[in-house]
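A structural walkthrough
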Amino acid sequence: MATATAVRRGLNRRTVRRGLNPLGAGFWTYAALVAVLLGSLFPIYWSLIVASHDNDAIASVPPVLTPGGHLFENIARVFDTTAFGQAMLNSFLVSGSVTVSVVLFSTLAGFAFAKLRFRGRNVLLVVAIATTTVPQQLGIIPLYILMAELGWTGRLEAVIVPGLVTAFGVFLMTQYLSSAIPDELLEAGRIDGCSTLRLFWHVVLPAARPAAAVLGLFTFMQAWNDFFWPLVVLTPENPTVQVALSSLASGYTTDYALVLTGTVLAIVPIVAVFAALGRQIIGGIMSGAIKG
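Residues numbered from 1 in each chain as written. Predicted model: local features only at pLDDT ≥ 70, side-chain atom pairs only at ≥ 80, totals over all residues. Heavy atoms only, no water.

What follows is about the side chain of Thr-174. Assignment of secondary structure puts Thr-174 in helix α8 (residues 167-180). Setting aside chain neighbours within four positions, we find Thr-174 in contact with Ala-109, Gly-110, Phe-113, Ala-114 and Leu-125. (Helix = DSSP H or I, 4+ residues; strand = E, 2+ residues; numbered from the N terminus. Contact = heavy atoms within 4.5 Å.)

Laid out in structure tokens, this is it:
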């Protein structure tokens, strides 16, 4: 009885302390999160501000923090200065094709490595993961020679085909599917007469949506932001958006309003993809938290 009374007194004291100190750890946590959020959004906001002014705004003292009236004029100059429309279309084709292919093939491979039993499974998975340690620059010359032999230099196939599947995607989906799908569920499906491909389509693929959304977002961002390989293998008349942005910054003087206008246009698709996949990503995080 005395112990229960002491516990109640301790709880009451904690309640009183929290009431006297409403600005506790929760307040500072949210304050830090808001500060990080504002710091992350400021470069995008600053790019939009400069894009809506002329080039003199970049050196204004005090700095300009309100939108101007030159945004549409600068957008027109971007499309007049370089083949930006073609570059955006090329990047959409490349990033979309690579994203769909990586998600599909990585989920298939992850299902095979996680749930199917075959000889050499562990060795093949280790070899696939080991390829991530090879720097991209070491494979540029032999890859370019291969693209030249196939006649793909200057064409989008040279950018799409080498990225159709990634070792990171295979590893991510293998780790996720090994714990997300019980073996008993697959055995029940086989007893009901499902083939392996049907199990993949009706059981594995719906269960893999949260991880597939994360992988799709990362893959789209990586393909959209890729600069080095498209610069090497594509022509200036058929660029991707990052190569087109680099051409905007070339010259004796840099028109920062023009460059940041192109940057803002290049950011919009990534934000749209994140908005489309964000619900799946958050849903996967919340379901994992509930299961935990």
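There's plenty left to go through after this.
In this model helix α11 (residues 209-225) runs 24 Å from its N-terminal to its C-terminal C-alpha over 17 residues, within 8% of the 24 Å that 1.5 Å per residue would give. Along α11, the residues classified as buried are Pro-210, Ala-211, Ala-212, Ala-213, Leu-215, Gly-216, Leu-217, Thr-219, Phe-220, Ala-223 and Trp-224. (Expected span 1.5 Å × (residues − 1). Buried < 20%, exposed > 50% of the residue type's maximum accessible area, 1.4 Å probe, protein only.)

Once that is clear, we can look at the layout of surface pockets. In this approach a probe as big as a water molecule rolls over the atoms, and the regions it shows empty are the leftover space. Quantified by volume, the largest pocket comes out at close to 960 Å³. Along the walls of the largest pocket sit 26 residues, with Pro-162, Gly-163, Val-165, Thr-166 and Gln-222 positioned nearest its centre. Listed by contribution, the elements that provide at least two residues to the lining of the largest pocket are α4 (84-115), α6 (140-150), α8 and α11. Among the residues forming the lining of the largest pocket, the class breakdown is 16 nonpolar, nine polar and one charged. (1 Å grid on protein atoms, 1.4 Å probe; cavity = no way out; pocket = protein on both sides within 12 Å on 5 of 7 lines; lining within 4 Å. Points joined across faces, edges and corners; volume = space filled by probe spheres on them. Nonpolar A, V, L, I, M, F, W, Y, C, P; charged D, E, K, R; others polar.)

On to the pattern of salt bridges, then. Pairing between side chains of opposite charge can happen when the charged atoms of each approach one another. Inspection of every chain in the model, using the stated rule, returns four salt bridges. Two residues, Arg-190 and Glu-187, come together in a salt bridge whose shortest N-O distance is 3.7 Å. A residue pair is termed a helical-turn pair when its members lie 3 or 4 positions apart in one helix, as Arg-190 and Glu-187 do in helix α9 (residues 183-191) at three residues. Look at Arg-190 and you get partly exposed, because its relative accessible area is 31%. The partly exposed category is assigned to Glu-187, whose relative accessible area is 45%. (Salt bridge = Lys/Arg side-chain N within 4 Å of Asp/Glu carboxyl O.)

This structure, assessed with the given rule, holds seven aromatic pairs. Relative to Trp-28, the ring of Phe-27 lies with its centre 5.0 Å away and its plane at 75°, an arrangement referred to as edge-to-face. On the basis of relative accessibility, which here comes to 38%, the residue Phe-27 falls in the partly exposed class. Ring geometry for Phe-42 and Trp-46: centres 6.5 Å apart, planes at 15°, overall stacked. Linking Phe-42 with Trp-46, this pair stays in helix α2 (residues 25-51), spanning four residues, or about one helical turn. We classify Phe-42 as partly exposed; its relative accessible area is 43%. (Phe/Tyr/Trp six-rings, centres within 6.5 Å; stacked < 30°, edge-to-face > 60°.)

Another point: the nonpolar core. With 27 residues, the main nonpolar core has Leu-177, Val-204 and Val-233 as its most contacted residues. Elements represented by at least two residues in this core include exactly α4, α6, α7 (157-160), α8, α10 (196-207), α11 and α12 (228-233). The greatest single-element share of this core, amounting to six residues, is contributed by α4. Non-local contacts of Val-233, meaning those with residues more than four positions away in its chain, are made with Tyr-144, Met-147, Thr-153, Gly-154, Ala-158 and Val-159. Grouped together as the second largest cluster of nonpolar side chains are 17 residues, Ala-87, Leu-248, Val-259 and Leu-265 included. (Core = buried A, V, L, I, M, F, W, Y, C linked by side-chain atoms within 4.5 Å.)

Another aspect to go through is the environment of Ile-129. Tracing the backbone through its elements, the reader meets Ile-129 in helix α5 (residues 121-130). Ile-129 sits in the partly exposed class, given a relative accessible area of 32%. Linking Ile-129 and Thr-166, residues 37 residues apart in sequence, is a C-alpha distance of 9.4 Å.

Contact geometry for α4 and α5: axes closest at 10 Å, N-to-C directions at 135°. By the angle between their directions, the pair α4 and α5 is classed as oblique. Crossing of α4 against α5: the hand is left-handed. Here Ala-112, Phe-113 and Ala-114 of α4 lie close against α5, whose contacting residues are Arg-121, Leu-124 and Leu-125. Of the residues assigned to the contact of α4 with α5, the class counts are five nonpolar, no polar and one charged. (Axes fitted to C-alpha atoms, helices over the stretch in contact; angles between N-to-C directions. Parallel < 35°, antiparallel > 145°, perpendicular 65-115°, else oblique. Left-handed = near helix turned anticlockwise from the far one by under 90°.)

Counting across every chain of the model gives one cavity of 30 Å³ or more. Estimated volume of the largest cavity: approximately 50 Å³. Contributing to the lining of the largest cavity are Ser-91, Val-94, Ser-95, Val-159, Ala-223, Trp-224, Asp-226, Pro-230 and Thr-240. In terms of residues, the lining of the largest cavity owes the most to one element, α4, which gives three residues. The class makeup of the residues in the lining of the largest cavity is five nonpolar, three polar and one charged.

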